[in-house]
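Fold and contact review
Residues per chain are reported as follows:
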There are 2 protein chains.
Amino acid sequence: MDGCGHDHAQMGMKPAAVRAALDAAEAACGLDGERMTAPRRRVLELLLAAGEPVKAYDLIAAYGRDGEAAKPPTVYRALEFLERRGLAHRIASLSAYVACSHDRAEHAAAFLICDCCGATAEVPAGAGAQLAGSAGDLGFVIQRATVEAHGLCARCRPDA
Amino acid sequence: MDGCGHDHAQMGMKPAAVRAALDAAEAACGLDGERMTAPRRRVLELLLAAGEPVKAYDLIAAYGRDGEAAKPPTVYRALEFLERRGLAHRIASLSAYVACSHDRAEHAAAFLICDCCGATAEVPAGAGAQLAGSAGDLGFVIQRATVEAHGLCARCRPDA
DNA sequence: GGTCGTGATGTTATCTCATAACACTCCCTC
DNA sequence: GAGGGAGTGTTATGAGATAACATCACGACC
């Protein structure tokens, strides 16, 4: 949303925090016998530094430190890995990707997405609770859920 | 999911039911001063007959009764109208569209999507309930929500 | 230390999903 | 019957994602 008449806060981690998070993620991968390779690390770095949902093609454009773009499969493969590890999430309603904001990756995340400033909060998301009720009645077994609420964050609410 | 080793039920309305639903939708539009034009009616007809989520380009391909395809904007504009009226919903996690299964359009629908047979159940979806709690704590105002649970329906569950 | 298998990457090409832009038509209203 | 707004037809293009295949890096095993 543009022209909303107010400033938007800066988001994303500072470089030192990004490095720390990357190192932690790399260590966790090592314990599981998975490899935090260069492209995976780079894509996670971009997501962490942004701190908000980023479009895949923005990652592709920003990938090279010299301003050179990556090839799409490079970034999409890294994103697939990061999602599988719980280090990143896809926001289907935005066709965008965001770094997971939890220390320990939770499955079943839910998101509050501000349509004004783009800020995204990842919330604990047993939000499938009521959903699980309906599902159970129908004999439906839930394996994963996409829960994305759009609206206005506290900073962007006109009243407040 | 293919090769899952069991049959899938047929879905979708019979022609008579489709006609009835189309006429009802048209009447409702008339009351609100909106026009159920030919392309809108045709796209809704295809969605109702399918009874499950349909990709936009499948609608485009099936649009002409003589096997001729529509132009993309024709179908996308009709879908936009149907969504606005609550007659259809977009399933973001599938990039697909489905006819609304409620007589009276509810806002804030939630979906149970079987990854095996493609069947989709639209459930009452106060499923934002717990979500609303987290949102309130953060001062976040929810305007609309995407709630899509993937899993296996009763017919496709291996146990059952 | 070799070699073998697996998983990851690089590269090209293509496929799917969605919309911008503009001309034209239909219908309602005055 | 002129004017305005909503809707449609058409062309072109932008944006999102993946298929296919060659090559490369790494660990396991002998």
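Computed from a predicted model, the values in this text were never measured in an experiment. (Residues numbered from 1 in each chain as written. Chains lettered and ligands numbered in written order. Predicted model: local features only at pLDDT ≥ 70, side-chain atom pairs only at ≥ 80, totals over all residues. Heavy atoms only, no water.)

1. Considerations on the packing of aromatic side chains
All chains considered together, the criterion is met by two aromatic pairs over all chains. The ring centre of Phe81(A) lies 3.8 Å from the NZ or CZ of Arg40(A), which sits over that ring. (Phe/Tyr/Trp six-rings, centres within 6.5 Å; stacked < 30°, edge-to-face > 60°. Lys NZ or Arg CZ within 6 Å of the ring centre and 35° of its normal.)

2. Digging into the sheet that holds strand S2 (residues 88-91) of chain B
Residues and elements named next belong to chain B. Ordered by their spatial adjacency, three strands build an open sheet running S1-S3-S2, and the pairing between neighbours is antiparallel. Single-partner strands in this sheet number two, and they are strand S1 (54-55) and S2. In this structure, S1 lies alongside strand S3 (residues 96-99), joined through two bridges in antiparallel fashion. Within the sheet, the bridge partner assigned to valine 54 lies in S3 and is tyrosine 97. Helix-sheet contacts for helix H2 (residues 38-50) involve S1, S2 and S3, and the interaxial angle to S3 is about 85°. In the packing of helix H4 (residues 72-85) onto the sheet, the strands contacted are S2 and S3, and the crossing angle to S2 comes to about 110°. (Pairing = 2+ DSSP bridges. Helix = DSSP H or I, 4+ residues; strand = E, 2+ residues; numbered from the N terminus. Contact = heavy atoms within 4.5 Å. Axes fitted to C-alpha atoms, helices over the stretch in contact; angles between N-to-C directions.)

3. Structural notes on the domain arrangement of chain A
All names here are of chain A. What the domain assignment lists for chain A is domain 1 (12-103) and domain 2 (106-155). Between the C-alpha centres of domain 1 and domain 2 there is a distance of 22 Å. With 13 residues of domain 1 at the interface, the matching set in domain 2 holds 12 residues. One can count zero salt bridges joining domain 1 with domain 2. Viewed at the interface, domain 2 and domain 1 are joined by five residue pairs in polar contact (both at pLDDT 80 or more). Taken together, the elements giving at least two residues each to the side of domain 1 that touches domain 2 come down to strand S2 (88-91) and strand S3 (96-99). Ranked by residue count, the leading element in the side of domain 1 that touches domain 2 is S2, at three residues. Taken together, the residues that form the side of domain 1 that touches domain 2 break down as seven nonpolar, four polar and two charged. (Domains from an automatic or database assignment. Salt bridge = Lys/Arg side-chain N within 4 Å of Asp/Glu carboxyl O. Polar contact = N/O pair within 3.5 Å; in protein donor to acceptor, adjacent residues only side chain to side chain. Nonpolar A, V, L, I, M, F, W, Y, C, P; charged D, E, K, R; others polar.)

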